[in-house]
Amino acid sequence: MACIKLGSKTDAFQRQGQAWFCTTGLPSDIVVEVGEMSFYLHKFPLLSRSGVMERLIAESSEDGEEKCSIRLPDIPGGAKTFELVAKFCYGVKLELTASNVVYLRFAAEHLEMTEEYGEGNLLTQTETFLNQVVLRNWKDSLRALQTCDDVISHADELHITKRCIESLAMKASTDPNLFGWPIVEHSGPMQSPGGSVLWNGISTGARPKNTSSDWWYEDVSTLSLPLYKRLIAAMESRGIRQESIARSLIFYAQKYLPGLNRRKGANDSNSSARLAPVALGAPSSEEDRKLLLEEIDRLLPIQKGLVPTKFLFGLLRTAMILRASPSCMSNFEKRIGMQLDQATLEDLLMPNFSYSMETLYNVDCVQRILEHFLAMDQITGGASPCSVDDGQIIGSPSLTPITMVVKLIDGYLAEVAPDINLKLPKFQALAASVPDYARPLDDGLYRAIDIYLKSHPWLSESDREQLCRLMDCQKLSLEACTHAAQNERLPLRVVVQVLFFEQLQLRTSIAGCFLVSDNLDGSRQLRSGFAGSTEGGWASTVRENQVLKVGMDNMRMRVLELEKECSNMRQEIAKLGGVKSSSTWGNVSKKFGFKLKSQMCSAQEGSVSNQNNASGKKKNSSKGG
């Protein structure tokens, strides 16, 4: 820390209890009371430097008192500052530093210690030191600004606060590697004004390493919230990037709001220790932390992606715990909704902090966040129908975020489904909020529904059917269809639909396999002349063809099993209805609302049989040859 030395005389001041004495050999003729401290001094050194002291001593002498007594209750900085003022008046050695220059500048102004009362008076000395030393140095400017916090009204009146803030903002917006600002001491060796490394105060000529753009975050986090806000505003006016502003706010919030770092991993242990809340200047009460949180909300940039989604969730959880204002929590939800595609399932699992404790997790909050995301997606034009082929999205690349969110919501539904207090309408509302086109497959939704049915066995048949209407059986994968066909928790209507579409998928797959097999056989005949040069490739093709045929055999067995199951169901339904099975099956098909006609199955079956016949003929002809 820079300093200059004033005065040349040895220290002649001694303290005894609550009193200071000047031991110059002359008896004291004036007592100056500052707060609870008394100073036994001499009139001449004081009145020769201060206009205020001159007037007060003159007024006291008119009263005829032998020993003058003066009270100075309003001097900025109190007794500690007046001690330095008295030493300056006596010419005693003292150091002018960034820690005391602000108080001395206020005291010089208050006591009228101008050039009129002596050349090189205290007001000139402090003002020169401020302008030529303190404001040219980052650490000294920061320290001087910190001292303004206790006497902010005086600092604003003399524009010292503004000057310190402008100095810091200018230095933060300038690359320190270009000018060699003396950066923070903890980050490495100190630098000289020319930018070289100092050793015992001597310039070594060595250049320091390049400094990252976040070098000022920790320093400014030591400021109180009012001063920090003013500094951030000054930095924004100087055009500092919003990314830097956002990261500084994150650093400040993590330092003073406990709990924001609770989810950091082992790799971040060092940073967690560095960001641990400090006692000095930290919000002392829950109300102070709530005010800090609401100010962070107002200061954070609103652009998408500037603030990590995980940090926003941390702020939202803290806002719930501290019971911040509804507008504050709503703003955090909207910020998260803008970038919900960047969230993780762990982020969404926010406990319910309400007194009612209806559910374990705050499902209502996730519902609102999802609504904000969908509304933003509509505004940006990202939401538009798309087609799905083998689970892959065919459409605009802008649909990728919404499909990521759908997968996230399906995973969230599966996590909250075991909660017995989660009501069916709330589960349905969240699942139905997602547009149909955004789900390439309904496997995740089916898993969540199955878990909910398992955890809520008391649901009526109508409620089960209403819940299962959320999923589209045609969008279930073959594995999901196989599981659903054997799921006793599903309503009969849904099981029949699943069996129908599973059979349709299997027949389509078998038909496709025969087509591929024929194409491979034709290709082998066309390329038989090149067998010698491509022996390794054809061997691989033969092995793949054998594996494919094994898979086809397995699918044939599964189709036979499904046909037996369907036949048994027809017989059972016919017995219950007392009518012929064929007509009953037609009524059941209409009742269960199959979207595809049954003729498609027969058509596919015919296609498969044709493929089998064609394949058989080819094999016989090849054997005959």
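Residues numbered from 1 in each chain as written. Predicted model: local features only at pLDDT ≥ 70, side-chain atom pairs only at ≥ 80, totals over all residues. Heavy atoms only, no water.

Asker: Mind showing me how you'd approach the overall build of the protein here?
Answerer: Counting its regular elements, the protein contains 27 helices and 11 strands. Considering only contacts within the protein whose residues lie at least 6 apart along the sequence, 69% involve residues at least 24 apart. Summed over its atoms, the accessible surface of the protein is roughly 32300 Å², and 53% of this surface lies on carbon and sulfur atoms. (Helix = DSSP H or I, 4+ residues; strand = E, 2+ residues; numbered from the N terminus. Contact = heavy atoms within 4.5 Å. Areas by Shrake-Rupley, 256 points an atom, 1.4 Å probe, with all protein chains shown as cover.)

Asker: Even after reading the chapter, I still don't get the side chain of His456, so can you show me in this structure?
Answerer: Mapping His456 onto the fold places it in the loop between helix H21 (443-455) and helix H22 (461-468). Residue His456 is classed as buried on the basis of its relative accessible area, which comes to 2%. A polar atom in the side chain of His456 sits 3.1 Å from the backbone oxygen of Asp419. When near neighbours in sequence (up to four residues on either side) are disregarded, His456 contacts Ala417, Asp419, Ile420, Leu422 and Arg464. (Buried < 20%, exposed > 50% of the residue type's maximum accessible area, 1.4 Å probe, protein only. Polar contact = N/O pair within 3.5 Å; in protein donor to acceptor, adjacent residues only side chain to side chain.)

Asker: How should the sheet that holds strand S3 (residues 19-22) be read in this particular structure?
Answerer: Strand pairing within a sheet occurs via backbone hydrogen bonds; the two strands may be parallel or antiparallel. Taken together, the five strands give an open sheet; going across it, the order is S2-S3-S5-S4-S6, and neighbouring strands pair in mixed fashion. Across the chains shown, the open sheet's two edge strands, defined by having one partner strand only, are strand S2 (13-16) and strand S6 (68-71). Going across the sheet, the axis of each strand differs from the next one's by a mean of 20 degrees, ignoring polarity. Pairing geometry for S3 and strand S5 (residues 37-41), over three bridges, is parallel. Its bridge partner being in S5, Phe21 is matched across the sheet by Tyr40. (Pairing = 2+ DSSP bridges. Axes fitted to C-alpha atoms, helices over the stretch in contact; angles between N-to-C directions.)

Asker: What exactly am I supposed to notice about the packing of helix H11 (residues 225-237) against helix H12 (residues 242-256) here?
Answerer: Two measures define how a pair of helices packs: the angle their axes make with one another and the distance between the axes. Between H11 and H12, the shortest axis-to-axis distance is 10 Å and the interhelical angle comes to 170 degrees. In terms of axis orientation, H11 runs roughly antiparallel to H12. From H11, Leu225, Tyr228, Ile232, Met235 and Glu236 reach across to H12, where they touch Gln242, Ile245, Ser248, Leu249 and Tyr252. Classifying every residue of the contact of H11 with H12 gives seven nonpolar, two polar and one charged. (Parallel < 35°, antiparallel > 145°, perpendicular 65-115°, else oblique. Nonpolar A, V, L, I, M, F, W, Y, C, P; charged D, E, K, R; others polar.)

Asker: Can you walk me through empty space enclosed by the protein in this structure?
Answerer: Any space left empty among the atoms is revealed by the rolling of a water-sized probe across them. Scanning the entire structure with this criterion turns up one cavity of 30 Å³ or more. By volume, the largest cavity is sized at about 50 Å³. What lines the largest cavity is simply Pro301, Ile302, Gln303, Lys304, Gly305, Leu306, Val307, Leu312, Arg335, Met338 and Gln339. Tallied by class, the residues present in the lining of the largest cavity amount to six nonpolar, three polar and two charged. (1 Å grid on protein atoms, 1.4 Å probe; cavity = no way out; pocket = protein on both sides within 12 Å on 5 of 7 lines; lining within 4 Å. Points joined across faces, edges and corners; volume = space filled by probe spheres on them.)

Asker: What is the right way to read the packing of aromatic side chains from this model?
Answerer: Each aromatic ring pair is summarised here by two numbers: the centre-to-centre distance and the angle between the ring planes. Using the criterion set out here, one finds eight aromatic pairs in the structure. Relative to Tyr40, the ring of Phe21 lies with its centre 4.8 Å away and its plane at 10 degrees, an arrangement referred to as stacked. Highlighted residues: Phe21 in strand S3 and Tyr40 in strand S5, separated in sequence by 19 residues. The partly exposed category is assigned to Tyr40, whose relative accessible area is 24%. Ring geometry for Trp216 versus Tyr217: centroids 4.7 Å apart, planes at 85 degrees, classification edge-to-face. Neither Trp216 nor Tyr217 differs from the other in exposure class; each is buried. (Phe/Tyr/Trp six-rings, centres within 6.5 Å; stacked < 30°, edge-to-face > 60°.)

Asker: Whenever I open this one, the pairing of S3 confuses me. Can you help?
Answerer: Remember that side chains alternate between the two faces of the sheet whenever the strand is regular. Sheet analysis places S2 next to S3, joined by four bridges and oriented antiparallel. Each bridged residue has a counterpart across the sheet, and for Gln14 the counterpart in S3 is Phe21.

Asker: For this particular structure, what's the right way to read helix H16 (residues 326-338)?
Answerer: Given 3.6 residues to a turn, an α-helix orients residues that are three or four positions apart in the same direction. With 13 residues, H16 extends 18 Å between its outermost C-alpha atoms, agreeing within 8% with the 18 Å of an ideal straight helix rising 1.5 Å per residue. Listing the buried residues of H16 in full gives Cys328, Phe332, Glu333, Arg335, Ile336 and Gly337. In this fold, the buried residues of H16 make contact with helix H14 (286-299), helix H15 (309-322) and helix H18 (363-379). (Expected span 1.5 Å × (residues − 1).)

Asker: Would you explain the pattern of salt bridges in this entry?
Answerer: Where charged atoms from two side chains of opposite charge approach closely, those side chains can pair. Going through the model one piece at a time under the given rule, you end up with 21 salt bridges. Close ionic contact of Arg238 with Glu166 constitutes a salt bridge, the shortest N to O distance being 3.6 Å. In this pair, Arg238 sits in the loop between H11 and H12 while Glu166 sits in helix H8 (residues 160-172), placing the two residues 72 residues apart along the sequence. A relative accessible area of 41% places Arg238 in the partly exposed class. The salt bridge partner of Lys426 is Asp364, with a shortest N-O separation of 3.5 Å. You can see Lys426 sitting in helix H20 (residues 424-432) and its partner Asp364 sitting in helix H18, a full 62 residues away along the chain. (Salt bridge = Lys/Arg side-chain N within 4 Å of Asp/Glu carboxyl O.)

Asker: Honestly, the nonpolar core in this entry has me stumped. Any pointers?
Answerer: Considering soluble globular proteins, one finds that nonpolar side chains tend to be buried as a cluster. Residues Leu41, Phe82, Met235, Leu315 and Leu340 are the most contacted members of the largest nonpolar core, which totals 156 residues. Here this core takes nine residues from helix H19 (residues 400-416), the largest share from any one element. Apart from the residues within four sequence positions on either side, Phe82 is in contact with Val32, Val34, Phe39, Leu41, Leu72 and Ile75. (Core = buried A, V, L, I, M, F, W, Y, C linked by side-chain atoms within 4.5 Å.)

Asker: Help me understand the pairing of S5 in this model?
Answerer: Most of S5 sits out of view: four of its five residues are buried. Bridging between strand S4 (residues 30-34) and S5 involves five bridges; their strand directions are antiparallel. If you follow Val31 over to S5, its bridge partner there is Tyr40.

Asker: Mind showing me how you'd approach the packing of H12 against H14 here?
Answerer: Contact geometry for H12 and H14: axes closest at 11 Å, N-to-C directions at 170 degrees. Taken as axis vectors, H12 and H14 run roughly antiparallel relative to one another. Taken together, the residues of H14 that come into contact with H12 (itself represented by Leu249, Tyr252, Ala253 and Tyr256) are Arg289, Leu292, Ile296 and Leu299. Tallied by class, the residues present in the contact of H12 with H14 amount to seven nonpolar, no polar and one charged.

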